[in-house]
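# Chains, contacts and geometry: an overview
So you can see what is in the structure, the chains are spelled out below.
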Amino acid sequence: APAPPRVRLHVERSTQLYHEMDGAGRCDLAVAFNAGLWCYESWAPTVRVATAGAAPLLVTSYNETEAAADEEMLAGMDGVEWVWSRELNPHASPVAEDRVPGTTPQYENHVTQCVCGAAAGRATVPRPDPKHAVWRSVPSLSSMVAKPKR
């Protein structure tokens, strides 16, 4: 049997805003960990650049409330389609962080959602309707990531 193709992984970290980086938008996947898209207007140009190409943008959130707000922000942007709408991450941190006393506990990467540009040609799910925000049955992150053999 022929050998499986080799996969190369290049990870780049920068202190620059994504949309200001050389080569922005030319990646296979962009990830925004616990980004709080909903509360920073500065995320809009980055989302536009990240979804302008064929690569998906994976967004994680600390809790379901924040994920709903991130979803609302993304739903308000033209040209953004869902690869999957918000769903609980089975690989989220199990440790609750009480960052703001008296509010909903926060867990690292508790909820995921993934968007791409409308022209990316990916299979997408219907755009979430903010009037009827429900959890949808869509492919989960765990089903899209190869699991190591034991």
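Structure shown above.
Let me sum up the structure you'll find in this document. (Residues numbered from 1 in each chain as written. Predicted model: local features only at pLDDT ≥ 70, side-chain atom pairs only at ≥ 80, totals over all residues. Heavy atoms only, no water.)

## Here we look at unusual backbone geometry
The phi dihedral of N34 falls on the positive side, at around 45°, and the residue is not glycine. Along the chain, the position of N34 falls in the loop between strand 1 (30–32) and helix 1 (43–50). With a relative accessible area of 12%, N34 lands in the buried category. Phi at N109 takes a positive value of approximately 55°, unusual for a residue other than glycine. Turning to its location among the elements, N109 is positioned in the loop between strand 3 (80–88) and strand 4 (111–117). (Helix = DSSP H or I, 4+ residues; strand = E, 2+ residues; numbered from the N terminus. Buried < 20%, exposed > 50% of the residue type's maximum accessible area, 1.4 Å probe, protein only.)

## Concerning the pattern of salt bridges
The final tally for this structure, using the stated rule, is one salt bridge. With its nearest N and O atoms 3.2 Å apart, the salt bridge here joins R86 to E71. One end of the pair, R86, is in strand 3; the other, E71, is in helix 2 (residues 64–75), with 15 residues separating them in the sequence. For the pair shown, R86 and E71 are each scored as buried. (Salt bridge = Lys/Arg side-chain N within 4 Å of Asp/Glu carboxyl O.)

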